[in-house]
Amino acid sequence: MTGRDRVAVILMVAVPTLVVVGLIWLPAIASVLLSFTNWNGVGSLADVKVIGVENYTNVFTNYPPFKPAVEHNLLWLVVMFVVATPLGILFAVLIDKELKGSRFYQTALYLPVVLSLALVGFIWQLMYSRDQGLINAVLGTQVDFYGDPRWNIWAALFATCWKQVGYVMLLYLAGLKGVDASLKEAAQMDGANQVQTFFRIVFPVMRPINIIVLVITVIESLRAFDLVWVINQGRNGLELIATLVTANIVGEASRIGFGSALATIMLVISLVFISIYLWVVMREDER
């Protein structure tokens, strides 16, 4: 290689590395370290006092919003698996059959994916509004879907699934395009119907896609934030771990150490599923 080629290669490696280290690794390590301190964001880091695992103890024993936040995150995960994922698979299978107008349906279903969850919240506000919302206008009711704690978690989950279905559909649609057609033909020759062919032949073949969807769903359920923050900043029945982190770090309390402990808990849970994903991918590459 010429000198110019070496410089280009070094820059191509160094720039992404610096970005990842500066924007991901250093903040993550700093959050873990700060979680063992009582820093409130005021003063220099030299004045920070190390308090050990006191923040973690307070999270699990002396912080009432944490329990409902965990429950809501688990509910978020279950609904994403039970509702959004099966619907995404169903739409992927239907569109893969190249029915008339499938391009239009694919675009329409994927369109919510490119929207931010904050914008999704505003869009569904037009549907959920107590006084001017479409749902209440049609039903002749005055239900406060975003304000009533009996309904707001389900309203937020419905809006989230509306966005997530298109993403799952796209992943499985890509997986279906990569399935060998001879496998389907062999199954049909053996007398299997379309449902049996999918669940016994096609679905197991798409194992890498299944793992990707599993990990993405878990991570999305953990980092759910935008929509509920737009609704009511994660209060009144919409507590989530991510909103508790934000409320403690940038809220009036400004408890950086305590918020970092919550963020570290999220990081550890995410790393478990990411490690499983990497283990499966590496096993697939070895075969």
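Values in this document were obtained by computation on a predicted structure and should not be read as measured data.

About the thresholds
- Residues numbered from 1 in each chain as written.
- Predicted model: local features only at pLDDT ≥ 70, side-chain atom pairs only at ≥ 80, totals over all residues.
- Heavy atoms only, no water.
- Helix = DSSP H or I, 4+ residues; strand = E, 2+ residues; numbered from the N terminus.
- Buried < 20%, exposed > 50% of the residue type's maximum accessible area, 1.4 Å probe, protein only.
- Contact = heavy atoms within 4.5 Å.
- 1 Å grid on protein atoms, 1.4 Å probe; cavity = no way out; pocket = protein on both sides within 12 Å on 5 of 7 lines; lining within 4 Å.
- Points joined across faces, edges and corners; volume = space filled by probe spheres on them.
- Nonpolar A, V, L, I, M, F, W, Y, C, P; charged D, E, K, R; others polar.
- UniProt positions renumbered as here; feature names shortened; annotations may be inferred.
- Phe/Tyr/Trp six-rings, centres within 6.5 Å; stacked < 30°, edge-to-face > 60°.
- Lys NZ or Arg CZ within 6 Å of the ring centre and 35° of its normal.
- Lys, Arg positive; Asp, Glu negative; His and termini not counted.
- Salt bridge = Lys/Arg side-chain N within 4 Å of Asp/Glu carboxyl O.
- Polar contact = N/O pair within 3.5 Å; in protein donor to acceptor, adjacent residues only side chain to side chain.

## Describing the overall build of the protein
In terms of regular secondary structure, the protein is built from 13 helices and zero strands. The order of α-helices and β-strands along the protein, N terminus first, is α-α-α-α-α-α-α-α-α-α-α-α-α. If one aligns the C-alpha atoms of the protein with their principal axes, the spans along those axes are about 75 × 75 × 40 Å. Relative to its full complement of 287 residues, the protein shows a buried share of 36%. Considering only residue pairs separated by 6 or more positions, the protein has 65% of its internal contacts joining residues 24 or more positions apart.

## Digging into the layout of surface pockets
Each pocket or cavity is described by its volume, and for the largest pocket that value is around 420 Å³. Around the largest pocket, the lining comprises 16 residues; the ones closest to its centre are Val93, Lys97, Gln194, Phe198 and Val202. Broken down by secondary-structure element, the contributors of at least two residues to the lining of the largest pocket are helix H3 (66–96), helix H8 (181–189) and helix H9 (194–205). Top element by residues in the lining of the largest pocket is H9. It accounts for seven residues. Considering only residue class, the lining of the largest pocket consists of ten nonpolar, three polar and three charged.

## As for the environment of glycine 257
With respect to the helices, strands and loops of the structure, glycine 257 is situated in helix H13 (residues 256–286). Residues glycine 257 and tyrosine 56 lie 201 residues apart in sequence; the distance between their C-alpha atoms is 9.8 Å. Once you skip the residues sitting within four places of it in the chain, glycine 257 turns out to touch Leu34, Ser35, Thr37, Trp39 and Asn55.

## Details of the UniProt feature "transmembrane region" (unreviewed entry) in the protein
Residues annotated in UniProt with the feature "transmembrane region" (unreviewed entry) correspond here to residues 7–30, 74–95, 107–127, 153–176, 197–219 and 256–280. The span residues 153–176 is 100% helix and 0% strand, and its two end C-alpha atoms sit 33 Å from each other. Here residues 256–280 is 100% helix and 0% strand, with 36 Å between the C-alpha atoms at its ends.

## A closer look at unusual backbone geometry
One non-glycine residue with positive phi stands out, namely glutamine 233, at about 60 degrees. Mapped onto the elements, glutamine 233 comes out in the loop between helix H11 (226–232) and helix H12 (241–249). Looking at glutamine 233, the relative accessible area reads 36%, which means it is partly exposed. Backbone geometry at asparagine 236 places phi at a positive 55 degrees, although glycine is not the residue there. Here asparagine 236 lies in the loop between H11 and H12.

## With respect to the environment of tyrosine 56
One can find tyrosine 56 in helix H2 (residues 54–61). A relative accessible area of 15% means that tyrosine 56 is categorised as buried. Between the C-alpha atoms of tyrosine 56 and tryptophan 154, which are 98 residues apart in sequence, the distance is 30 Å. Those residues in contact with tyrosine 56 that lie beyond four places of it in its chain are Ser35, Phe36, Ala261, Thr264 and Ile265.

## Thoughts on the packing of aromatic side chains
Considering all chains together, one arrives at 15 aromatic pairs under this definition. Linked through ring pairs, Trp124, Tyr128, Phe145, Tyr146, Trp151, Phe158 and Trp162 together constitute an aromatic cluster. The residue whose ring lies beneath arginine 255 is phenylalanine 258, and the NZ or CZ to ring-centre distance is 4.2 Å.

## Describing the side chain of threonine 243
One can find threonine 243 in helix H12. Setting aside chain neighbours within four positions, we find threonine 243 in contact with Phe225, Val228, Trp229, Gln233, Gly234 and Leu238.

## Things to note about the side chain of lysine 163
Its place among the elements puts lysine 163 in helix H7 (residues 152–177). Buried lysine 163, no salt bridge; nearest opposite-charge side chain is glutamate 220, N-O distance 7.4 Å. A polar side-chain atom of lysine 163 sits 3.4 Å from the main-chain carbonyl oxygen of proline 112. Setting aside chain neighbours within four positions, we find lysine 163 in contact with Pro112, Val113, Leu115, Ser116, Leu117 and Val120.

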